[in-house]
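# Structure assessment
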Amino acid sequence: MSTTGSSPTVADVVAALDRRYPPAWAEEWDRVGLVLGEPTNPARRIACVVDVVPETVDEALAAGAEMIVAHHPLLLRGVSSVAATTYKGRIVHRLIKSDVALYVAHTNADVADPGVSDALAARFGLTGLRPLHRPRPGSPADGPGRGIGRIGELPAPMTLAELARHAAAVLPATAWGVRAAGDPGRMVRTLAVSGGSGDSFLAEATAAGVDAFLTADLRHHPAGEHLAAGGPALLDAAHWATERPWLDDLAAHLRDELGVETVVSDLDTDPWTVHAAAPRPDDKEPRP
Ligand SMILES: [Zn+2]
């Protein structure tokens with residue numbers, strides 16, 4: 001922890017984040033921690049982003065950030081070149097030339113308590129939170145309150161159709177919006193949420209007995225078969241929108257812990273940029 005009056009360094013930020021999101025808590029396939037940067041460099045202003053893409057790097061540089069903390073790994077799979085002629089190599093070059101460090105907290109931030117899905121659950125005012133998918137007993141991430149996704153009670157029950165509209169209003173706006181699967185009139189009291197791709201937790205949402213499960217990147221066959229088997233209703237939000245809420249929690253923690261300035265990116269990095277709903281004869285909603 002940095003002491004008052006001294007400028008926090010990249011190493012101080014790494015230490016603070018490693019305490020909150022220990023790298024050992026990440027999934028085995030994941031790649032987290034300091035990606036690039038000089039540990040002794042100052043890190044007085046930190047940009048918090050979901051994705052490290054040219055546009056969020058532009059934002060961070062324009063804001064004068066000395067470090068970027070991202071959710072998604074820039075380099076997840078092995079690379080044999082970071083030449084500036086490649087998409088990711090170009091990003092690496094820009095960051096190094098600008099003396100901007102990059103740190104990633106991914107599945108270790110998902111599993112933490114509070115973690116990525118706590119910030120998502122907070123958007124819905126869910127209470128009585130418990131994890132959707134608990135870490136394997138005895139694994140490094142195993143511990144009270146920890147796990148991927150959260151289950152909780154809505155402040156007031158609402159139909160699936162109402163919940164989908166509510167979700168679109170409380171989540172960061174995207175072109176994708178929110179779509180729901182299941183009976184639109186089904187009442188929802190208990191909701192499971194999982195930031196990012198939650199496709200693999202459908203069975204756990206069913207086993208937990210929730211009324212609905214909100215996540216991202218759901219697919220035709222798994223969703224259809226899940227519903228046919230009597231599983232909870234599904235809400236499919238934009239991936240970025242389910243993880244963006246966590247950036248506020250991350251930034252607040254960095255400010256409290258290190259006294260740094262933070263910049264939170266609101267740039268929608270979801271790849272989907274257009275959503276067109278087919279007009280319906282019985283649709284009273286005006287359409288653009
Ligand atoms: Zn994600």
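Residues numbered from 1 in each chain as written. Predicted model: local features only at pLDDT ≥ 70, side-chain atom pairs only at ≥ 80, totals over all residues.

The chain carries the name GTP cyclohydrolase 1 type 2 homolog in an unreviewed UniProt entry, which gives Micromonospora viridifaciens as its organism. Its UniProt record gives the chain the following Sequence similarities (unreviewed entry) comment, quoted word for word: "Belongs to the GTP cyclohydrolase I type 2/NIF3 family." As stated in UniProt under Subunit (unreviewed entry), the record for the chain gives "Homohexamer." (UniProt positions renumbered as here; feature names shortened; annotations may be inferred.)

Position of Tyr103 relative to the elements: it lies in strand β4 (residues 101-104). The spacing of Tyr103 and Val274 is 171 residues in sequence and 31 Å in space, taken between C-alpha atoms. If we skip the residues at most four places from it in the chain, Tyr103 touches Val13, Val14, Leu17, Gly33, Leu34, Val35, Met67 and Val69. (Helix = DSSP H or I, 4+ residues; strand = E, 2+ residues; numbered from the N terminus. Contact = placed C-beta atoms within 7 Å.)

Here the chain is partitioned into domain 1 (10-106 + 242-264) and domain 2 (109-238). For domain 1 versus domain 2, the separation of C-alpha centres amounts to 27 Å. With 14 residues of domain 1 in contact, the opposing surface of domain 2 contributes 17 residues. Grouping the constituent residues of the side of domain 1 that touches domain 2 by class yields 6 nonpolar, 3 polar and 5 charged. (Domains from an automatic or database assignment. Nonpolar A, V, L, I, M, F, W, Y, C, P; charged D, E, K, R; others polar.)

A separate point is the UniProt feature "binding site: a divalent metal cation" (unreviewed entry) in the chain. The feature "binding site: a divalent metal cation" (unreviewed entry), as given by UniProt, occupies His71, His72, Asp110, His239 and Glu243 in the numbering adopted here. In three dimensions, the annotated residues from a span of 173 residues occupy one location, with a maximal C-alpha spread of 13.5 Å. With respect to the helices, strands and loops of the structure, His71 is situated in the loop between β3 (67-70) and α3 (87-97). His71 sits in the buried class, given 25 other C-beta atoms within 10 Å. (Buried ≥ 20, exposed ≤ 12 C-beta atoms within 10 Å, placed from the backbone.)

Here the focus is unusual backbone geometry. Backbone torsion omega between Asp113 and Pro114 reads 5 degrees, so that peptide bond is classified as cis. Within the element layout of this structure, Pro114 appears in the loop between α4 (107-111) and α5 (116-123). Phi is positive for Asp99, which is not a glycine, with a value near 60 degrees. Relative to the helices and strands, Asp99 is located in the loop between α3 and β4.

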